[in-house]
Amino acid sequence: MEILEPKQGTYQLEDYSRTRETFDWEQTKEAFSWNKTGNVNIAYETIDRHVDEGRGEKTALYYSDASRDEAYTFQAMKEKTNQAAHVFKDLGVKKGDPVFIFMPRSPELYFALLGAVKAGAVVGPLFEAFMQDAVRARLEDSEAKMIVTTPELVSRIPHEELPHLETILVTGDSSKADEHEKYVSFDEKMKAASTDDSAIEWVDLEDGFVLHYTSGSTGKPKGVYHVHKAMLQQYQTAKWVLDLREDDIYWCTADPGWVTGTSYGIFGPWLYGVTNVVRGGRFSPDDWYATLQNYKVTVWYSAPTAFRMLMAAPKEILEKYDLSSLRHILSVGEPLNPEVVRWGWDVFGLRIHDTWWMTETGAMLICNYPSEPIKPGSMGKPIPGVDASIIDDDGNELGPNEMGNLAIRAGWPAQMRKIWNNEPKFNEYFAIEGWYVSGDTAYKDEDGYFWFQGRNDDVIMTAGERVGPFEIESKLVEHEAIAEAGVIGKPDEIRGHIIKAFVALKDGYEPSDDLQDNIKKFIKSELAAHAVPREIEFKDKLPKTRSGKIMRRVLKAWELDEPTGDLSTMDDA
Ligand code: WT7
């Protein structure tokens, strides 16, 4: 078995085994000001605490894209987020209200998001690529009263159909804000707002601060609700797993529309007080290597698809850059192939550390650590303070190397506290007494390392993004030509999986390349670019159960040329 030994050095988690025995989450409280003052707010701990502790002049944020290049100190971030908190409060936001943020990455996104949390709101970040239907579904479900967006994205918010939505804050000059009575200029409000901290809402550790919509295999996207107490685990994993030190320059490539982009693009690093790099715009190997070089990034958290794309790019691109500042690399979101780990070792001289967690878990749970050996292909071992196991469907714990459900002993600090407006869905995760069942299949080897095997539902992980087949199928059948649709993930070298749709056409429509393109455009313009099926296959009929459910299992078997298994429930078998 191939093992990559740790590099000599000192690390924030020196002794994994001993820490597992002695650690208690009570110890993490010491890091926070609420431990002394009793005043709780994760945004205060993320920004203001560093000013209180004498780090106000330290750079908190480096932001750049094709047209901007800016830096903000913790003092500046404190003032901007205080102003944003005033804006929300003046417009009537109360503790617990959902406030959505629908913007591409920009400093204003970070001001608005943290300002809303300061004001006591529960923030719902929406990925910028969402189109009207995806936006509508999330705003409808959450009954949000307020959203912040940009002039480019505002037309995707169908506010006439969203009676709860009272206020749409639009960034940029005030011209857009004049177009409708629900529109308000965010920039004008910010300019007029005080920088004092009187708009901070002190909350309870169990009050919500973020609502991330994510997909399951059935039904609409669900709102995963996290509470301020998550800060304990975000801070502790930023220390142990990201291995942050005071002078680190940290870059997380995830967008705050996804949980990695909040838990480790905002909260983890800033709770720890390091300098955070945010790069706007799209991925390209040149742009990413330049970002690493120009900011002298030391700690880099990214995803397998990105590493695979870098790996596939011509070597000459890599050779142009000096990446010697890098000290620690991490990955999340999909299985990290051993060959990617080997590539990282070859080109950076560093091990890529895989981490496993989910939107629902709020923070990292199973990880590789700088001080521990890495078995390439393994997700690593549970963090101290958390128990993970492999269990069967009845909740019995399985032995070494036996495959089963990856489950976590319920009750870790960053665990989701509810699914918005959907208690039955929430309870499904905890149906086995004492456990959170993840939906992933895995095994644990004799050394306690966990090995990912797959999802045991139909959720598709494509390019590190999680898409539910149901949302795409529902949209597909709204297309004028489509009678039935089934969507699966098809294994892909670079993206992990791509989305593949099987469709049966209505009478009077014939399969054609034009029709394929038209269907792709339809999904792209109404749902989201990342939800577009890269492959569409026309079928006369789709396999269905007698109750009319599309059998994705059979579609997968067709695709992979595997046996279709038990077809006794299939209609017309
Ligand atoms: C699903 C959760 C929160 C991180 C971003 C994804 C898959 C996550 C790994 C890994 C193999 C992984 C799982 C999980 N996943 N990390 N290290 N190795 N698979 O969060 O969108 O909520 O998706 O991502 O299938 O259940 P998410």
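What you see is a predicted model; the values in this text were computed from it and never measured.

Engineer: What am I meant to see in the overall build of the chain here?
Structural biologist: Of the regular secondary structure elements, the chain holds 17 helices and 26 strands. Computed over the C-alpha atoms, the radius of gyration of the chain is 24 Å, within 12% of the 25 Å expected from 2.2 N^0.38 for a compact globule of 573 residues. Reported as C-alpha extents along the three principal axes, the dimensions of the chain are approximately 70 × 65 × 55 Å. Relative to its 573 residues, the chain shows a buried fraction of 48%. Taking all contacts inside the chain whose residues are at least 6 apart in sequence as the whole, residues at least 24 apart take part in 66%.

Engineer: Would you mind showing me how to read the sheet that holds strand β20 (residues 435-444) here?
Structural biologist: The strands making up a sheet associate through hydrogen bonds between their backbones, and the pairing can be parallel or antiparallel. If you trace the 4 strands from one edge of the open sheet to the other, you get β17-β18-β20-β21, paired in antiparallel fashion. The open sheet has two edge strands, β17 (388-391) and β21 (450-455), and neither has a second partner. Ignoring strand direction, the axes of neighbouring strands in this sheet form an average angle of 50°.

Engineer: Even after reading the chapter, I still don't get helix α4 (residues 74-90), so can you show me in this structure?
Structural biologist: Residues spaced three or four apart along an α-helix point in a common direction, a consequence of the helix completing one turn every 3.6 residues. A rise of 1.5 Å per residue sets the reference length of α4, with its 17 residues, at 24 Å; its end C-alpha atoms lie 24 Å apart and thus fit the reference within 8%. Counting buried positions along α4 yields 15 of 17 residues, so the element is predominantly enclosed. Positive phi shows up at Gly 92, right after α4, with a value of about 100°.

Engineer: How should the nonpolar core be read in this particular structure?
Structural biologist: Ranked by internal contacts, the top residues of the largest apolar core, which has 153 residues, are Ile 101, Leu 113, Ala 116 and Val 123. Take this core: its biggest share by element is 8 residues, from helix α5 (residues 107-118). Residue-level mapping places this core at the junction of two domains, with at least three residues from each of domain 1 (16-443) and domain 2 (458-560). Setting aside anything within four residues of it in sequence, one finds Val 123 in contact with Val 99, Ile 101, Leu 113, Ala 116, Val 117, Phe 209, Val 210 and Leu 211.

Engineer: Would you take a moment to explain the packing of helix α3 (residues 42-52) against helix α9 (residues 259-272) for this structure?
Structural biologist: Any two packed helices are characterised by how steeply their axes cross, that is the angle between the axes, and by the distance between the axes. For the pair α3 and α9, interaxial distance at closest approach is 8 Å and the crossing angle is 50°. When the axis of α3 is compared with that of α9, the two are oblique. Of the two elements, α3 crosses α9, and the hand of that crossing is left-handed. Each of Ile 42, Glu 45, Thr 46 and Ile 47 in α3 lies in contact with α9, whose residues at this interface are Ile 266, Phe 267, Trp 270 and Leu 271.

Engineer: Please clarify how the site of the ligand should be interpreted in this entry.
Structural biologist: Taken together, 21 residues are adjacent to the ligand, and Trp 356, Met 358, Thr 359, Phe 452 and Arg 466 come closest. For the shell around the ligand, the secondary structure elements donating two or more residues are α9, β14 (352-356), β20 and β21. The residue inventory of the shell around the ligand, partitioned by class, reads 9 nonpolar, 7 polar and 5 charged.

Engineer: Just to check I follow, could you spell out the UniProt feature "domain: AMP-binding enzyme C-terminal" (unreviewed entry) in the chain for this structure?
Structural biologist: Here, UniProt's "domain: AMP-binding enzyme C-terminal" (unreviewed entry) annotation points to residues 471-549. For residues 471-549, helix accounts for 25% and strand for 33%, while the C-alpha atoms at its two ends are 14 Å apart.

Engineer: Mind showing me how you'd approach the environment of Gly 565 here?
Structural biologist: Locating Gly 565 in the fold gives a position in the segment after α17 (552-560). For the pair Gly 565 and Thr 167, spaced 398 residues apart in sequence, the C-alpha separation works out to 52 Å. Gly 565 has contacts with Arg 553 and Ala 557, leaving out every residue within four places of it along the chain.

Engineer: I tried to follow the domain arrangement of the chain on my own but got confused; where do I start?
Structural biologist: The extent of an interface is frequently quoted as the accessible surface area lost upon association of the parts. Taken as a whole, the chain is organised into domain 1 (16-443) and domain 2 (458-560). With 24 residues of domain 1 in contact, the opposing surface of domain 2 contributes 22 residues. The set of elements that each furnish at least two residues to the side of domain 1 that touches domain 2 consists of α6 (132-142) and α11 (304-312). Sorting elements by how many residues they give to the side of domain 1 that touches domain 2 places α11 first, with 5 residues. A class-by-class count of the residues in the side of domain 1 that touches domain 2 yields 10 nonpolar, 10 polar and 4 charged.

Engineer: How should I be thinking about the UniProt feature "domain: AMP-dependent synthetase/ligase" (unreviewed entry) in the chain in this particular structure?
Structural biologist: Mapped onto the present numbering, the UniProt feature "domain: AMP-dependent synthetase/ligase" (unreviewed entry) falls on residues 53-410. The distance separating the terminal C-alpha atoms of residues 53-410 is 34 Å; by composition the span is 30% helix and 23% strand.

Engineer: Any chance you could explain the environment of Met 146 here in plain terms?
Structural biologist: Assignment of secondary structure puts Met 146 in strand β5 (residues 146-149). By C-beta crowding, Met 146 is classed as buried, having 24 other C-beta atoms within 10 Å. Placed 54 residues apart in sequence, Met 146 and Gly 92 show a C-alpha to C-alpha distance of 9.6 Å. Look past the residues within four positions of Met 146 in its chain and what remains in contact with it is Leu 91, Val 93, Val 99, Glu 166, Thr 167 and Leu 169.

Engineer: Is there a simple way to explain unusual backbone geometry in this structure?
Structural biologist: Outside of glycine, negative phi angles account for most residues, and trans bonds account for most peptide bonds. In the Ramachandran plot, Ala 463 falls in the positive-phi region, its phi being about 50° despite a non-glycine side chain. Of note, Ala 463 is situated in the loop between β22 (460-462) and β23 (465-467). Ala 463 sits in the buried class, given 22 other C-beta atoms within 10 Å. Look at Asp 561: it is not a glycine, yet its phi comes out positive at around 60°. On the secondary structure map, Asp 561 appears in the segment after α17. Its 6 C-beta neighbours within 10 Å are what place Asp 561 among the exposed residues.

Engineer: Would you take a moment to explain helix α13 (residues 338-348) for this structure?
Structural biologist: Three or more residues of α13 are buried, namely Val 340, Val 341 and Gly 344. Each buried residue of α13 lies within a common arc of 105° when the element is viewed along its axis, so the set occupies one face. For α13, exposure combined with an orientation more than 90 degrees from the buried face picks out Glu 339 and Asp 346. Looking at the buried residues of α13, the elements they touch are α11, β13 (328-332) and β14.

Engineer: Help me out: how do you make sense of the packing of helix α8 (residues 231-240) against α9 in this one?
Structural biologist: At a minimum axis distance of 8 Å, the contact between α8 and α9 shows a crossing angle of 80°. With respect to each other, α8 and α9 are oriented roughly perpendicular. Touching Met 231, Gln 234, Tyr 235, Thr 237, Ala 238 and Lys 239 of α8 are Ser 263, Phe 267, Gly 268, Pro 269, Leu 271 and Tyr 272, all from α9. Here the contact of α8 with α9 is composed, by residue class, of 7 nonpolar, 4 polar and 1 charged.

Criteria and thresholds
Residues numbered from 1 in each chain as written. Predicted model: local features only at pLDDT ≥ 70, side-chain atom pairs only at ≥ 80, totals over all residues. Helix = DSSP H or I, 4+ residues; strand = E, 2+ residues; numbered from the N terminus. Rg over C-alpha atoms; globule rule 2.2 N^0.38 Å. Buried ≥ 20, exposed ≤ 12 C-beta atoms within 10 Å, placed from the backbone. Contact = placed C-beta atoms within 7 Å. Pairing = 2+ DSSP bridges. Axes fitted to C-alpha atoms, helices over the stretch in contact; angles between N-to-C directions. Expected span 1.5 Å × (residues − 1). Core = buried A, V, L, I, M, F, W, Y, C linked by C-beta atoms within 7 Å. Domains from an automatic or database assignment. Parallel < 35°, antiparallel > 145°, perpendicular 65-115°, else oblique. Left-handed = near helix turned anticlockwise from the far one by under 90°. Near = placed C-beta within 6 Å. Nonpolar A, V, L, I, M, F, W, Y, C, P; charged D, E, K, R; others polar. UniProt positions renumbered as here; feature names shortened; annotations may be inferred. Arc of directions from axis to C-beta.

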